[in-house]
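Notes for the structure review
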Amino acid sequence: MNAETLFSIRNLHFSYEQKEALRIEMLELKANQVTLLVGPNGSGKTTLLKLINGLLKPGSGQIDFRGEAINGKGYRSMRSHSVLVHQDPFLFSGSVFQNVAYGLKIRKEAAPVIRRKVSEKLTLLGLSGFENRKAHKLSGGEKQRVAIARALVLEPEVLLLDEPAANVDNKSLKLIEALILKLQNRGATVIVSAHNRSFAYRLGSELLTLKRGRIVPGMVNIFKGFVKKQDEVFTYFASGKNLLHCPAQKGDFNTAVLPLNDVILSEREINSSAQNNFRGKVTHITREGNLYRVELACPLIVQAHITEYSINNLQVEIGKKFYLAFKASAVKLY
Ligand code: ADP
Ligand code: MG
């Protein structure tokens with residue numbers, strides 16, 4: 001899969017007055033997928049979204065949209081194809097309908113078309129019948145959903161959502177999650193920030209982790225799939241051709257998460273208490289501080305953190321096959 005690069009960032013640096021908020025050497029955000037920006041509060045997620053939406057100007061470095069700089073030729077195309085929904089969206093006083101219809105009125109769409117489009121998007125967000133409600137009287141979750149409907153009604157190619165899961169009730173959270181999964185199935189491009197991990201895991205197959213303004217490598221494997229069966233001891237999660245043993249639990253899970261540190265590599269098959277045993281070929285080895293990140297195709301792509309000692313001891317190299325094991329209890333389902 002060679003997805004189109006939508007945003008490409010080079011040597012980006014941004015400070016609020018004296019304080020550095022973001023420093024990214026290189027980053028490419030792809031089209032037709034959901035990208036999750038995760039990281040604790042203050043790590044730079046909002047700053048990054050505002051930079052790629054042109055609301056903030058980089059101190060230095062370059063941001064391109066479809067190969068054109070957004071501080072130049074690319075600006076118009078970026079603004080007409082993408083919409084950012086802020087964490088605390090501003091709704092003007094008046095009805096939900098007026099808020100959602102606003103952009104279409106500016107575009108001078110015909111009234112029946114506006115009514116149809118607004119009603120469609122409100123339904124998508126579980127807000128049908130809300131047309132005449134006062135926007136200011138809505139709950140936080142309802143406001144967030146109105147703001148998303150207001151963005152979607154413009155049918156942008158790229159939807160940027162800043163913390164749509166923060167400060168919303170559970171019903172809104174589930175509706176927003178279902179909406180993003182629906183957009184994902186349709187091949188839309190959505191870039192979402194979240195500090196809520198379980199929300200992020202369920203939505204993203206790839207997470208971009210920010211820490212103090214920098215992109216850092218993720219520390220977990222994220223496997224997409226579904227629960228295949230369950231017995232008293234295990235829940236069996238199917239991901240591609242592999243079946244993972246996970247602790248028995250009930251739920252509608254779509255993601256299994258396995259920390260890199262919990263994966264053991266061995267040359268020979270081992271008979272251990274680990275319930276997950278695969279065999280795979282090494283495809284990548286990258287140094288990360290004192291450790292190495294080793295990637296194996298089992299055929300599920302599994303990454304493990306291995307010490308230098310083990311790399312030498314096991315003579316880990318690209319193309320070589322290893323057995324790989326991890327406990328059922330190391331896998332968490334979301
Ligand atoms: P996140 O969205 O991940 O919580 P932000 O992008 O909002 O992070 O913030 C990144 C850093 O920039 C934080 O240290 C934050 O305190 C700082 N910051 C954010 N907005 C401003 C601002 N308007 N003025 C000064 N500092 C800010
Ligand atoms: Mg933020």
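Bear in mind that the values here come from a model prediction, so they are computed numbers and not experimental data. (Residues numbered from 1 in each chain as written. Chains lettered and ligands numbered in written order. Predicted model: local features only at pLDDT ≥ 70, side-chain atom pairs only at ≥ 80, totals over all residues. Heavy atoms only, no water.)

Below, the discussion takes up the pairing of strand 15 (residues 255-259). The buried fraction of strand 15 amounts to four of the five residues, a majority that puts the element mostly inside the structure. As paired elements, strand 11 (residues 220-224) and strand 15 share five bridges and run antiparallel to each other. Bridge pairing in strand 15 links Asn221 to Leu258. The pairing of strand 15 with strand 21 (residues 332-333) spans two bridges and is antiparallel. Along strand 21, the bridge assignment pairs Val257 with Lys332. (Buried < 20%, exposed > 50% of the residue type's maximum accessible area, 1.4 Å probe, protein only. Helix = DSSP H or I, 4+ residues; strand = E, 2+ residues; numbered from the N terminus. Pairing = 2+ DSSP bridges.)

Hydrogen bonds along the backbone pair up the strands of a sheet, which may run parallel or antiparallel. Here we have four strands laid out as an open sheet, ordered 2-1-4-5, and antiparallel in their pairing. At either margin of the open sheet sits one strand with a lone partner, and together these are strand 2 (19-30) and strand 5 (68-69). For strand 1 (residues 5-16) and strand 2, the ladder comprises 10 bridges, and the chain directions are antiparallel. Each bridged residue has a counterpart across the sheet, and for Tyr16 the counterpart in strand 2 is Lys19. Here helix 1 (residues 45-52) sits on the sheet in contact with strand 1, strand 2 and strand 4 (60-65), set at roughly 120° to strand 1. (Contact = heavy atoms within 4.5 Å. Axes fitted to C-alpha atoms, helices over the stretch in contact; angles between N-to-C directions.)

To continue, consider the pairing of strand 17 (residues 276-288). Two strands pair when backbone bridges link them, and strand 17 and strand 20 (residues 321-326) are joined in this way by six bridges, in the antiparallel orientation. Its bridge partner being in strand 20, Gly280 is matched across the sheet by Phe322. Between strand 17 and strand 18 (residues 291-297), which follow one another and run antiparallel, lie two residues, and Gly289 among them has a positive phi close to 65°.

This part takes up the pattern of salt bridges. In total, this model carries 15 salt bridges according to the counting rule given. Notably, a salt bridge pairs Arg66 with Glu4, separated by 2.8 Å at the nearest N-O pair. Residue Arg66 is found in the loop between strand 4 and strand 5, and its partner Glu4 is found in the segment before strand 1; the two are separated by 62 residues along the sequence. Look at Glu4 and you get partly exposed, because its relative accessible area is 36%. Salt-bridge contacts for Lys45 lead to Glu163; the nearest nitrogen and oxygen are separated by 3.6 Å. With Lys45 in helix 1 and Glu163 in the loop between strand 7 (158-162) and helix 6 (170-185), this residue pair connects regions lying 118 residues apart in the sequence. Summarising the burial analysis for this pair, Lys45 and Glu163 share the class buried. Through salt bridges with shared partners, a single ionic network connects Glu4, Arg66 and Glu157. (Salt bridge = Lys/Arg side-chain N within 4 Å of Asp/Glu carboxyl O.)

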